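Structural overview
The primary structure of each chain is shown beneath.
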Amino acid sequence: MNPDEIKTMLGAGWQKVESYISDSLSSDIDLLQSINGRILSHSGKQLRPLLSMLVSMACSGGKPTDDSFRYAAASELLHNATLLHDDVADNSDQRRGSPTIRSLMGPSVSVLVGDYWLVKAMGLILSASNHGDRVLNIFSRTLSDLAEGEMLQLQKADTGDTSQDDYIRIIYNKTASLFVAACLSAAISVGATAEMEKAVTGFAAALGLAFQIRDDIFDYSLDNGIGKPVGVDVTEQKITLPLLGALQAVPHQTASEIRSMVTEIHGHPENRETIMDFVRKHDGVAYAEKVLKKYIDEAVAALEVLPDTVYRQRLIDLARYTGARSR
């Protein structure tokens with residue numbers, strides 16, 4: 001099942017999550033209300049709150065609490081807050097096939113609106129009936145992870161010496177950490193056992209890594225239908241898993257030359273296609289696909305601890321969807 005089908009299955013429960021999101025963002029300032037509406041109308045797959053709701057139901061026999069809905073909504077608010085900030089850091093003009101708030105209204109507006117969404121996410125967590133302090137700490141850790149991941153990525157863009165361990169740390173901090181927060185908070189919301197909490201944490205971490213690897217594979221795609229520009233990572237001096245895989249297949253001297261091309265890409269933009277061709281020639285994408293599959297398998301295996309219900313199966317479906325998605 002894809003995300004839209006799962007939203008339909010969740011029915012009134014999903015509508016409650018959406019209500020918490022929209023109600024939290026409501027403002028009597030017309031400009032802010034208009035911007036919020038624009039962002040919500042281009043909301044993407046909403047994978048994090050979907051995972052959050054399914055985890056709460058898988059851990060409770062289909063009986064989420066009101067806190068479950070609040071935490072799911074908070075995960076989406078926080079995710080979009082980070083995107084608004086990322087668009088400024090990366091000078092991004094497009095997001096989900098539409099102009100970014102940064103490109104339309106400037107970086108200051110994008111940062112301010114991102115701050116607004118972030119505060120509203122924290123407000124939802126603090127309004128929960130139980131466990132709010134613990135969940136707030138979990139989401140706070142995610143914010144710290146995001147900042148550290150971004151800084152490590154910037155550092156490695158200058159040095160060009162990204163290793164696979166560096167890469168995994170970066171994508172855990174920037175992507176998987178929020179998957180963990182969304183899923184672990186959901187388990188907490190229904191009083192899940194420690195064993196269940198450990199299981200959903202492992203599931204979310206592996207799935208988050210796989211999700212980002214799939215995005216990084218897209219950047220080397222020849223398919224114009226993926227809905228996003230390609231070659232952006234190289235332009236931003238990012239050495240991701242497809243390039244790391246290709247670098248393993250060549251002598252050290254060749255690898256050093258390619259890494260230098262990446263760090264010097266701003267002065268020599270014509271080298272982008274050379275690097276892209278290098279990855280394709282040395283099966284970098286195939287290497288990344290193998291690692292992605294390993295993480296999907298890890299995610300699915302982690303769920304064996306949970307009761308065998310339709311909700312666990314839908315989590316497996318979303319994991320498989322994440323591994324195979326085409327955009």
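As shown above, the structure is provided for reference.
Residue positions are given per chain, counting from 1 as you read along its sequence in written order. Totals for whole chains, interfaces and linings use every residue, but because this is a predicted model, local features are given only for residues with pLDDT of at least 70 and side-chain atom pairs only at 80 or more, for both listing and counting. Hydrogens and water are ignored here; the side-chain numbers use all heavy atoms of the structure.

Strands here are runs of E lasting at least two residues and helices are runs of H or I lasting at least four, both read from the DSSP assignment and numbered beginning at the N terminus. Looking only at helices and strands, one finds 16 helices and two strands in the protein chain. Taken along the three principal axes of its C-alpha coordinates, the protein chain extends 60 × 50 × 35 Å. We call two residues in contact when some of their heavy atoms are within 4.5 Å. Across the protein chain, every contact between residues at least 6 apart in sequence was considered, and the portion connecting residues at least 24 apart equals 76%. Accessible surface area values rest on a Shrake-Rupley calculation with a 1.4 Å probe, where residue burial reflects the displayed protein chains alone. About 14200 Å² of surface is accessible on the protein chain, with carbon and sulfur atoms providing 52% of the total. All tallies of charge rest on Lys and Arg as positive and Asp and Glu as negative; His and the ends of each chain are not included. Lysine's charge is taken at NZ, arginine's at CZ, aspartate's at CG and glutamate's at CD. Side-chain charges of the protein chain comprise 32 positive and 42 negative groups, with the mean position of each set lying 4 Å from the other.

Now for the nonpolar core. By convention a nonpolar core is built from buried Ala, Val, Leu, Ile, Met, Phe, Trp, Tyr and Cys residues, the set being connected through side-chain atoms within 4.5 Å. Only protein chains enter the area calculation, which uses a 1.4 Å probe; residues under 20% of their type maximum are buried, those over 50% are exposed, and those in between are partly exposed. Counting 99 residues, the largest nonpolar core has L51, C59, W117, F203, I213, L243 and L315 as the members making the most contacts within it. Ranked by residue count, the leading element in this core is helix 9 (residues 164-189), at 13 residues. Setting aside its immediate chain neighbours within four residues, L243 contacts Y220, I258, V262, I275, F278 and V279.

So, on to the environment of G62. Among the secondary structure elements, G62 is positioned in the loop between helix 4 (47-58) and helix 5 (66-89). With 31 residues separating them along the chain, G62 and D93 place their C-alpha atoms 41 Å apart. Apart from the residues lying within four places of it in its own chain, the contact partners of G62 are M57 and Y311.

Should a side-chain nitrogen of Lys or Arg be within 4 Å of a carboxyl oxygen of Asp or Glu, the pair is scored as a salt bridge. Scanning the entire structure with this criterion turns up 22 salt bridges. Between D277 and R280 there is a salt bridge, with its nearest N and O atoms 3.5 Å apart. Highlighted residues: D277 and R280, both in helix 14 (residues 271-281), separated by three residues, approximately one helical turn. Given a relative accessible area of 44%, D277 falls into the partly exposed group. Overall, R280 belongs to the partly exposed group, its relative accessible area being 27%. Taken together, the salt bridges that share partners define one network made up of R141, D145, E148 and R169.

Turning our attention to the packing of helix 4 against helix 16 (residues 310-324). The interhelical angle for the contact between helix 4 and helix 16, taken along N-to-C directions, is 150°, at an axis separation of 8 Å. The pairing of helix 4 with helix 16 is recorded here as roughly antiparallel in orientation. Where helix 4 crosses over helix 16, the two elements pack in a sense that is left-handed. Contacts between helix 4 and helix 16 involve L47, L50, L51, L54, V55, M57 and A58 on the former and, on the latter, Y311, R312, R314, L315, L318 and T322. Amino acids outside the nonpolar list (Ala, Val, Leu, Ile, Met, Phe, Trp, Tyr, Cys, Pro) and the charged list (Asp, Glu, Lys, Arg) are all regarded as polar, and Gly is one of them. In terms of residue class, the contact of helix 4 with helix 16 is made up of ten nonpolar, one polar and two charged. Between the N-to-C directions of two axes lies an angle of 0 to 180 degrees, each axis being a line fitted to C-alpha atoms and, for a helix, fitted only over the stretch in contact. Angle categories: roughly parallel below 35 degrees, roughly antiparallel above 145, roughly perpendicular from 65 to 115, and oblique for all the rest. Whether a crossing is left-handed or right-handed is set by the direction in which the near helix is turned from the far one by less than a right angle, anticlockwise for left-handed and clockwise for right-handed.

What counts as a ring pair is set by centres within 6.5 Å for rings of Phe, Tyr and Trp (its six-membered ring), and what kind of pair is set by the plane angle: stacked under 30 degrees, edge-to-face over 60, tilted for all other angles. The tally for this structure, following the rule as stated, stands at one aromatic pair. When the ring of F179 is compared with that of F211, the centres are 5.5 Å apart and the planes differ by 45°; the resulting orientation is tilted. Note that F179 is positioned in helix 9 and F211 in helix 10 (residues 194-218), a separation of 32 residues in sequence. Each member of the pair, F179 as well as F211, carries the same accessibility label: buried. The rule for a charge over a ring is simple: NZ of Lys or CZ of Arg within 6 Å of the ring centre, and within 35 degrees of the ring normal. For the cation-ring pair, R48 lies above F211, with the distance from its terminal atom to the ring centre recorded as 5.3 Å. Over the ring of Y295 we find K294; its NZ or CZ atom is 4.0 Å from the centre of that ring.

Once that is clear, we can look at the side chain of D67. One can find D67 in helix 5. For the buried residue D67, which engages in no salt bridge, the nearest side chain bearing the opposite charge is R70, 4.6 Å off. Leaving out residues up to four positions away in the same chain, D67 has contacts with A128, S129, N130 and S189.

Right, let's get into the packing of helix 5 against helix 8 (residues 132-159). At their nearest, the axes of helix 5 and helix 8 sit 12 Å apart, and the two run at 20° to each other. In terms of axis orientation, helix 5 runs roughly parallel to helix 8. Considering how the two elements wind past one another, helix 5 and helix 8 form a crossing that is right-handed. Listed contacts from helix 8 to Y71, A74, S75, L78, T82, D86 and A89 of helix 5 are G132, V135, F139, T142, L143, L146 and E150. The class makeup of the residues in the contact of helix 5 with helix 8 is eight nonpolar, four polar and two charged.

Another point: the side chain of D216. Mapping D216 onto the fold places it in helix 10. With a relative accessible area of 5%, D216 lands in the buried category. Polar side-chain contacts of D216 include one of 2.6 Å to the side chain of Y167. Aside from chain neighbours lying at most four places away, what touches D216 is Y167, I171, D233, T240 and P242. Whenever a nitrogen or oxygen atom comes within 3.5 Å of another N or O atom, the pair is scored as a polar contact, on the condition that within protein one atom can donate a hydrogen and the other can accept it, and that pairs from neighbouring residues in sequence are kept only if both atoms are in side chains.

By themselves these figures say nothing about function.
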